[in-house]
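A structural walkthrough
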Amino acid sequence: MFKSISARIAVLFLLLVLLPLVILGAWFSLQNYKSLTKQLIARHQHEALYHGGEVRERLAAFVRDLELLSDILSLQGGGDAHKFVLLKSLQMHQPLFVELSHIDNKGEQLFIRTLQENIVLENVTDAGKILAEVKERQQPVCAIIQQSNYPQTLLSISTPVFFLNNTFVNGAVSAQVNFSSLTMSSKQHKDIEDIQIGLYLPNGRKISGDLFEIPPSVSLPAIFKETTASKGLIVADRLLGICPIEFYGSRLYVVMNSELKSVLSSFYHSLNLLIAIIFLVFIASLFTGLFFAKKLLTIPLLSLSHAAREIGKGDLTKRVDLSGDDEFSELANTFNGMAERLEESLKSLERESAQRKNAEEEAHQAMILAQQANEAKSMFLANMSHEIRTPINGIMGMTTLMLNSGLSNEQQYRMELVNRSINRLLSIISVILDFSKIESGDVVLEESTFATQELVEDALQIARLEVNNQQIRFATVISENVPGKLLADSGKIHQVLLNLLSNAVKYTSVGEIIVTVDCFAASGGSCQLQICVSDTGEGIPESARESIFDPFIQANETRKTSARRGAGLGLAICEKFVIHMGGNIWFEENKPLGSSFYFTCQCKDVEEGNAQREGGAIVTGKADMHDSLAGISIYIAEDEFINQHMLSSYLKEMAADIVVCNNGQELLDQVQVKEPDIILMDIRMPVMGGLEATERIRAAEKKDGKRHVPIIALTAHATLEFKEKCFAAGMDHYLTKPIELAKMVRHILDLHRKHSNIC
């Protein structure tokens, strides 16, 4: 019947006609609801206004009765007996009065009480106060009163008694009326259903009316405050009609109250019926639509989906069998053609995949071999670093001891040459290791706060030691733009600057070497530090300028001498470090002689006193012998005899108390006997290594509540990963071999002061 997809969709759209019908029904229901609530609001407003008029009329009647009695009393001058008769007659005429009294001009009163109440009110009539108010206003006075022994709220009405043609007030007549006599119950209204009547004070307290409660969520005082005339409104689940009444200075509120749900019950019934009808029509339309959709759309789509699923599982022989001349049949034919082409393509891909798999297997094997070679190289370099640094540590330490032992001038000179040779050897080893780290991608930036001028001066001090008899003058120019404190990887900045200064010293025989420092603002609150090393040396040959930053290349290959030999990695490492720090490095030719090397890096300006991390400036030179270690007990855990002798001798010269342990187990035994002030811990030791010994010491401190003993790691492993392992084990500081003894002493003093609370 419906051969085309468009015809089938048209049938579905016909079913959607129900949607506007539902919307239209909802709109009419809403309009009906608004109209009904509007009528109910007007009805409650009218009823409140009507009942408010009744209350006003009754109040006026009470006042008129009292004014009549006041006029009679002002015209006659009889005695008390005559007044008693008049008051009694008014009581009988107006039995709604709870209490009635006459107050003469002296403030004395005569009480007549209603017999049907048979109660005595407690000081309700304050004769003096009432007489004063009546004389002041010269008109009736009303007040609301509450008695502890009388459950109802009363209305006090007082009228003046004039004398001599209303020339002055000669007394007053006062009466108390029960508020329940003012309001009419809703049962007395024949035309009112489901409405309660109440009389309220401005503070929201009901003083008479039907038995009903306003929900706490409805704030009557706030509503009364905004009501200046009769009005109707919906508040929460209530319909309210409110009419304010002003009566001789007192304000009352008549409230007509109904539950919104009860007065709208007929509307809700009609609405529920409409919803039920719409729901039934919806269910019928839904099943009708599902029937046609399944027959006209779902079955063909399921056939296509099933075929596609089978093809997805790998069965490319699956075909769709749909007869007809509609769009689904055309789609099935196209699908079958696609499946045939996929089957042919799959066979071709299988052949190519087999060839590619063989190639990938070969590449994978080659990658595994390359990784193994790289790991073997890294392991070799790490082991070589450890094995070489350990004896160098002993040589440098013993050299330092010799230099501080009062040698002759010739001996002092020779030992300084030995020390200089050791530093050059250590520099070459460090360069090779740095280049290995760069190649393997292990370069990690270690940011710290440092003083720019101190870093530059320290590098210059080391460079001056490389100068023999050259007539070279060193100079420093630091721009005013350079902050005093910066946050960056100070160690790498120092190393780059030191490499450039070393090259300048190598190729400059006479003249000057100038270090210029400048700083430029950058985005994100950072700054760009620029350092230039300029010399008056030989300059750079034309043939070497393009490859000067390549590894294993020296600028003056043809003129190298023994003093200028090196690994040829300095500038290559500088370039890699500078790039990692977000900067750049380049050189310029000086006229007439020399060259200038520039490099930049990204830093952050740090205000002095607000540094987040400890400064990282490198410390060199001999220890200050005034930094005495007297009274400080130091345990040394070291298995190398030379290192034991070197460390213990140096520290004993500083007046420290020394205990030497050959391994971690001996150290633990000594700590149990007596706790030291500081522990110098080697990492690789027989029996028990330094990491395990540190973990056991920290565990014992935590268990027994002992004090924290500072531990300084002494290791030949110069990697960041190993440094993190030391801190994770509980060590307080980390020094790499060969150890600078002066630096070690300063760290010992700092840790001792920190953990012994010495300022």
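These notes cover the structure that comes with them. These numbers were taken from a predicted model, which means no experiment stands behind them.

Taken in spatial order, the five strands of this open sheet run β7-β6-β10-β9-β8, and their pairing is antiparallel. Because the sheet does not close on itself, it has two edges, and the strands there are β7 (206-209) and β8 (231-235). Shown here is a sheet whose adjacent strand axes are inclined to one another by a mean of 30 degrees, direction ignored. Of the strand pairs in this sheet, strand β9 (residues 238-247) and strand β10 (residues 250-259) are connected by 10 bridges, and their pairing is antiparallel. Note on β10: the bridge partner recorded for Ile-242 is Val-255.

What follows covers the pairing of strand β18 (residues 633-637). Buried residues dominate β18, accounting for five of its five residues. Neither face of β18 is open: one carries Ser-633, Tyr-635 and Ala-637, the other Ile-634 and Ile-636, and all of them are buried. Summarising the sheet, β18 and strand β19 (residues 657-661) pair through five bridges and their orientation is parallel. In the sheet register, Ala-637 faces β19, and the bridge partner there is Cys-661.

Phi is positive for Gln-138, which is not a glycine, with a value near 60 degrees. Within the secondary structure, Gln-138 sits in the loop between α4 (127-137) and β3 (141-147). The residue Val-687 is not glycine, and still its phi comes out positive at about 70 degrees. Here Val-687 is to be found in the loop between β20 (678-682) and α15 (690-704). With a relative accessible area of 71%, Val-687 lands in the exposed category.

Mapping His-747 onto the fold places it in helix α17 (residues 741-755). At 3.3 Å, the side chain of His-747 forms a polar contact with the side chain of His-733. Sequence-distant contacts of His-747, that is, excluding residues within four places in its chain, are made with Ile-712, His-733 and Leu-735.

Let us now look at the packing of aromatic side chains. On inspection of all chains with the given rule, the structure shows five aromatic pairs. Here the aromatic rings of Phe-247 and Tyr-248 are separated by 4.9 Å at their centres, their planes lie at 85 degrees, and the arrangement is edge-to-face.

Strand order in the open sheet formed by five strands is β19-β18-β20-β21-β22, and the pairing between neighbours is parallel. Of all strands in the sheet, those with a lone pairing partner are β19 and β22 (733-736), marking the two edges. For this sheet, the mean inter-axis angle between neighbouring strands, taken without regard to orientation, is 20 degrees. Both strand β21 (residues 711-715) and β22 contribute to a ladder of four bridges, which runs parallel.

Next up on the list: the pattern of salt bridges. Within the structure shown, the criterion is met by 10 salt bridges. With its nearest N and O atoms 2.5 Å apart, the salt bridge here joins Arg-251 to Glu-246. With its nearest N and O atoms 2.8 Å apart, the salt bridge here joins Asp-732 to Arg-698. Within this pair, whereas Asp-732 is found in the loop between α16 (720-729) and β22, its partner Arg-698 is found in helix α15, the two being separated by 34 residues in sequence.

Conventions and cut-offs
Residues numbered from 1 in each chain as written. Predicted model: local features only at pLDDT ≥ 70, side-chain atom pairs only at ≥ 80, totals over all residues. Heavy atoms only, no water. Pairing = 2+ DSSP bridges. Helix = DSSP H or I, 4+ residues; strand = E, 2+ residues; numbered from the N terminus. Axes fitted to C-alpha atoms, helices over the stretch in contact; angles between N-to-C directions. Buried < 20%, exposed > 50% of the residue type's maximum accessible area, 1.4 Å probe, protein only. Polar contact = N/O pair within 3.5 Å; in protein donor to acceptor, adjacent residues only side chain to side chain. Contact = heavy atoms within 4.5 Å. Phe/Tyr/Trp six-rings, centres within 6.5 Å; stacked < 30°, edge-to-face > 60°. Salt bridge = Lys/Arg side-chain N within 4 Å of Asp/Glu carboxyl O.

Functional significance is not addressed by these values, which are geometric in nature.
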